[in-house]
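Letter by letter, the chains look like this.
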Amino acid sequence: MLVRNILKKQKVIYLVLLSVFASACNNGSNCPTPSPSPSPSPVSCVWREVGNASSFFGQLSKSPNNIGAPMILSKDEHKLYVGGYINYESGEHLGVAEIDVVDGTNWTSVADSETLFADSFNLNQLSSLVINDEDSKLYLGGQYYDGESPIVYSSSNDENWQMVQNINSDMGFNARYFTISSLFLNGSILYASGYFNGNSFVASSYQDGEWSNVGNSPEAFNGKSIYNLLYHNGVLYAGGESNLTSGAALYQSNGSGVWQDVSPQLSNAGAITTLAASGLAIYAGGVLSDYSGAMILSLPFTAGAQWLNISEQIGSVWINSLQLNNDKLYAGGYIESRVISTPTNSSINWTAVWDATNQLDGPVANIVVSSDGTVYADGEFSQKVAKLVCE
């Protein structure tokens, strides 16, 4: 009992002392100086080569303005796929390679054009590479001559490739020279755009079956190119350059086969080479009509909205790739900073994605941004494929 009473008295004295101390601190006197919070370490970023890309790949793309060299991430974001010229033992030729970006250190070829296309057609250029997130099928398209069908897929991400019907004969083209400029997957429907003998087209295939026209290709694309397809909110978009206005062309179709002209009515809008969309807007990238600078346009999804040029401060030459991630719009291409970004939910303020100018010594062909914000780029720079690492 005596011990318990002593402990109670000590507790009361302790509480009284705390109260007095707090009162004194509230009066601004006799208060201890708090320890300063440690300053956050400055973030340092560097563009690092992905695996052995610089030695594995040759010149990724040999097309004007570096269009090509397609790059995609698998659904689980463990594998990165790149198409382009690869240094095989038999020499440099087109192919597709993959690398495990989590644990891998070396690239592996999954499609060698010398063996894959030897008996069917000749491949000049790879333009498109898409992946089906449900069954991991890889689809590739490009520029061909003297061949049968220019779209193939791999059912198991290996070298067991198969053809997606014969788009050349299905569409009644039977052309010797044939180009697939863009591919886009929407569930089980594969969309393809391209051109033959000066005529452009947009076609679709359901579950790798017979190809059919998506309406009549807009007249604006005749003799010109459709560079990019995008499916968003139930609408298919086709972007390229127009023979009607000598400028940019963008058309949309809601699946009925009727195409509607939504081209930017800007006097200096040139070719649209890449498209991206969020719930708020559609974005188009490319080049100005006089080739004096890069072009990035924004069209909000609101009634009566007009196209806005959001790239006036960029300058440079050409936009090859647009990517959206976590309320940011990323752009890469023939631009001084190589890769830039801006918030999409506030006023446009383009900034360099770190200082790529001194680290990527050539133009960027494509960019991919993972869900955690990791940026990958490929193109005609020394690393061939690079990843932005921040510490």
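Analysis parameters
Residues numbered from 1 in each chain as written. Predicted model: local features only at pLDDT ≥ 70, side-chain atom pairs only at ≥ 80, totals over all residues. Heavy atoms only, no water. Helix = DSSP H or I, 4+ residues; strand = E, 2+ residues; numbered from the N terminus. Buried < 20%, exposed > 50% of the residue type's maximum accessible area, 1.4 Å probe, protein only. Contact = heavy atoms within 4.5 Å. Areas by Shrake-Rupley, 256 points an atom, 1.4 Å probe, with all protein chains shown as cover. Core = buried A, V, L, I, M, F, W, Y, C linked by side-chain atoms within 4.5 Å. Pairing = 2+ DSSP bridges. Axes fitted to C-alpha atoms, helices over the stretch in contact; angles between N-to-C directions. Disulfide = S-S within 2.5 Å.

Scanning the protein from N- to C-terminus turns up four helices and 28 strands. The buried share of the protein, reckoned over its 391 residues, is 50%. Residue pairs in contact within the protein that sit at least 24 positions apart in sequence constitute 46% of those at least 6 positions apart. Of the accessible surface of the protein, which amounts to about 18600 Å², a share of 47% is contributed by carbon and sulfur atoms.

Right, let's get into the nonpolar core. Grouped together as the largest cluster of nonpolar side chains are 20 residues, with contacts concentrated most on Phe 57, Met 71, Leu 80, Val 82, Trp 107, Tyr 376 and Val 385. At the level of elements, helix 2 (53-56), strand 2 (71-73), strand 3 (79-88), strand 4 (91-100) and strand 26 (364-369) are the ones that each hand at least two residues to this core. The element best represented in this core is strand 3, accounting for four residues. Those residues in contact with Met 71 that sit more than four places away from it in its chain are Leu 80, Tyr 81, Val 82, Asn 366, Ile 367, Val 368, Tyr 376, Ala 377, Asp 378 and Val 385. In terms of nonpolar packing, the next biggest core, distinct from the first, is built from 19 residues, Tyr 139, Tyr 153, Ala 175 and Ala 203 among them.

The next subject is the sheet that holds strand 3. As summarised here, the arrangement of the four strands in space is 2-3-4-5, forming an open sheet in which the pairing is antiparallel. If you trace the sheet from one side to the other, it starts and ends with strand 2 and strand 5 (108-112), each paired once. Averaged over all neighbouring strand pairs, the angle between strand axes comes to 35°, with direction disregarded. Examined bridge by bridge, strand 4 and strand 5 share four bridges and lie antiparallel to one another. Across the sheet, the residue bridging to Glu 98 is Thr 108, located in strand 5.

Okay, unusual backbone geometry next. Phi angles above zero are rare outside glycine, and Asn 233 is one such case at about 50°. Judged by relative accessible area, Asn 233 falls into the exposed class, the value being 61%. The phi torsion at Asn 326 lies on the positive side, around 50°, for a residue other than glycine. Inspection of the secondary structure puts Asn 326 in the loop between strand 22 (318-325) and strand 23 (328-334). Given a relative accessible area of 58%, Asn 326 falls into the exposed group.

Before going further, it helps to spend a moment on the state of the cysteines. In a disulfide, the sulfur atoms of two cysteines are held together by a covalent bond. Inspection of the entire model under this criterion finds one disulfide. Paired through a disulfide, Cys 45 and Cys 390 show a sulfur-sulfur distance of 2.0 Å. Disulfide Cys 45-Cys 390: torsion about the S-S bond near 110°, hence right-handed. Here Cys 45 is found in strand 1 (residues 45-49), whereas its partner Cys 390 is found in strand 28 (residues 385-390), with 345 residues between them in sequence. A relative accessible area of 8% places Cys 45 in the buried class. Cys 390 gets classed as partly exposed once you look at its relative accessible area, which sits at 44%.

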